[in-house]
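# Residue-level structural notes
Listed here are the chains, written in short residue letters.
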Amino acid sequence: MATIEEEYKLFPTLVWNVDCSELLPEVTEVFKKTPWMENNPGVSDGFLVLEKYKELTEKFEKIINFVLEDIKYSVPMGMTTSWFTNTAPGRRVEEHNHNNSFWSGVFYLHDASPLILLKESTSIEVPFTTTRLDLRTHGGVPINAKKGHMIIFPSSVRHASEFNNTAYSRYSLAMNFMPSSQVFQFDSSYHYGSDSFDSSDMDTSKKKRMSKYPLDKGFG
């Protein structure tokens, strides 16, 4: 009988479900003041809804950098974009990922249908029945979306939501994060900071882009 001497779980997909319900009152106040897009009521009117709320932004940045502390990145993460989503009863957020971002987070204003993280099979498809999440090589894994909780995951990971089978809308605050300053790697470097970022450029491109998207597709 063969004996397994060691089992290595290499290159994991890191996901955290963080209770930060102390931020719920502040997020709720911002939510009440934020308008929604006229041609897509599933997304707030703008992807910089926390830009004017510096203290709240810093609190979310503090949380994500605390969570990522064990990785020991050479520079901290800073928030780049933030927006509210509204998934109406009977609808869902379709499968997507977040481009031009490193880490993402979704904060829930109330208990909601789970967030599903997905990975496609890269080879042959053989059904499996394991319930251990650390042994699932592909497929979808539902993460409970709780009031006042923030789910943090790599932006490249494709995700969706289960159908909203309640009688009320599923509201969340989605956020993206990037390295907050210049990153050096041997003979290469790049400055990911937002010193030269012009939010008006983003607003213009957003309006052009959003007119092409159906409701609930690809935004948190």
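Right, let's walk through the structure included here.

Calculation notes
Position labels on residues start from 1 in each chain and follow its written sequence. A pLDDT threshold of at least 70 governs which residues receive local features in this predicted model, and a stricter bar of 80 or more applies before side-chain atom pairs are shown or counted, although totals over entire chains, interfaces and linings include all residues. Hydrogens and waters are ignored; side-chain quantities use all the structure's heavy atoms. By definition, two strands form a pair when at least two bridges between them are found by DSSP. A run of H or I in DSSP counts as a helix once it spans at least four residues, and a run of E counts as a strand once it spans at least two, with each numbered from the N terminus. Fitted lines through C-alpha atoms serve as axes, helices being fitted only where they are in contact, and the angles separating the N-to-C directions of these axes extend from 0 to 180 degrees. Contact criterion: two residues are considered in contact whenever any of their non-hydrogen atoms come within 4.5 Å of each other. A pair is scored as a salt bridge if a Lys or Arg side-chain nitrogen falls within 4 Å of a carboxyl oxygen belonging to Asp or Glu. Think of it in three bands: with a 1.4 Å probe and only protein chains considered, a residue is buried below 20% of the maximum accessible area for its type, exposed above 50%, and partly exposed in between.

## Structural notes on the sheet that holds strand E1 (residues 16-19)
Strand order in the open sheet formed by five strands is E1-E6-E3-E8-E2, and the pairing between neighbours is antiparallel. With one partner strand each, in any of the chains shown, E1 and strand E2 (77-87) form the two edges of the open sheet. Direction aside, the axes of adjacent strands within the sheet are offset by 20 degrees on average. Taken together, the six bridges between strand E3 (residues 103-108) and strand E8 (residues 170-179) define a ladder with antiparallel strand orientation. Note on E8: the bridge partner recorded for glycine 105 is methionine 175. Docked against the sheet, helix H2 (residues 54-67) engages E1, E2, E3, strand E6 (149-154) and E8, running at close to 110 degrees with respect to E2.

## Focus: the pattern of salt bridges
A complete count under the given rule lists seven salt bridges for this structure. Glutamate 26 serves as the salt-bridge partner of lysine 59, at 2.7 Å between the closest nitrogen and oxygen. Of this pair, lysine 59 sits in helix H2 while glutamate 26 sits in helix H1 (residues 24-33); the two residues are 33 residues apart in sequence, bridging distant segments of the chain. With a relative accessible area of 27%, glutamate 26 lands in the partly exposed category. For aspartate 134, the salt bridge is made with arginine 132, and the minimal N-O distance between the two is 3.0 Å. Aspartate 134 sits in the partly exposed class, given a relative accessible area of 40%. Here arginine 132 falls in the partly exposed class, since its relative accessible area comes to 40%. Within this structure, Glu7, Lys9, Arg132 and Asp134 form a network of salt bridges that share partners.

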